[in-house]
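Observations on the three-dimensional arrangement
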Amino acid sequence: MVMTVKPKKEKDIEKFIHGAASDKNLTKETEHKTFLLRIQKSLWSAARTSAQQDDVSLHDWIIDAIARKLG
């Protein structure tokens, strides 16, 4: 016979965070946001070609382009 033990779910979020083993204070550099980017195929193709010429991934190329635009 196999018995499973259900973990007790903490209802108070502050107690839950206090009991966490990981770092509770994330720095700005480790926070991420994910989003879907829909662009025209011709623009995607041009960006992909430029990324290949720069020998970087398209993801890194787009992030760099956004960073340069924002200064």
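Residues numbered from 1 in each chain as written. Predicted model: local features only at pLDDT ≥ 70, side-chain atom pairs only at ≥ 80, totals over all residues. Heavy atoms only, no water.

Details of the overall build of the protein
Counting its secondary structure elements, the protein contains three helices and zero strands. For the protein, the N- to C-terminal ordering of α and β elements is α-α-α. Of the roughly 7600 Å² that the protein leaves accessible, carbon and sulfur atoms contribute 58%. (Helix = DSSP H or I, 4+ residues; strand = E, 2+ residues; numbered from the N terminus. Areas by Shrake-Rupley, 256 points an atom, 1.4 Å probe, with all protein chains shown as cover.)

Overview of the pattern of salt bridges
According to the stated counting rule, one finds one salt bridge in the structure shown. The closest approach of N and O atoms between Arg68 and Asp64, which form a salt bridge, is 2.9 Å. With Arg68 and Asp64 both in helix α3 (residues 58–70) and four residues apart, the pair spans about one turn of that helix. (Salt bridge = Lys/Arg side-chain N within 4 Å of Asp/Glu carboxyl O.)

Description of a nonpolar patch on the surface
Together, Phe35, Leu37, Ile39, Leu43, Trp44, Ile63, Ile66 and Leu70 give the surface a local cluster of nonpolar side chains, amounting to about 800 Å² of exposed area. Only α2 (41–53) and α3 provide two or more residues apiece to the nonpolar patch. Sorting elements by how many residues they give to the nonpolar patch places α3 first, with three residues. Considering the arrangement of structural elements, one finds Leu37 in the loop between α1 (13–18) and α2. (Patch = residues over 30% accessible without salt bridge, like charges linked within 9 Å, V, L, I, M, F, W, Y side chains within 5 Å.)

Observations concerning α3
Taking 1.5 Å of rise per residue, the 13 residues of α3 would be expected to cover 18 Å, and the 18 Å separating its terminal C-alpha atoms lies within 8% of that figure. In the segment just after α3, Gly71 is the residue with positive phi, at about 85°. (Expected span 1.5 Å × (residues − 1).)

Here's the deal with the confidence of the model for the protein
For the protein, the mean per-residue pLDDT works out to 81, and 66% of the residues sit at or above 70. Across the protein, the secondary-structure element scoring lowest on mean pLDDT is α1, at 68, and the one scoring highest is α2, at 96. (pLDDT = per-residue confidence, 0-100.)

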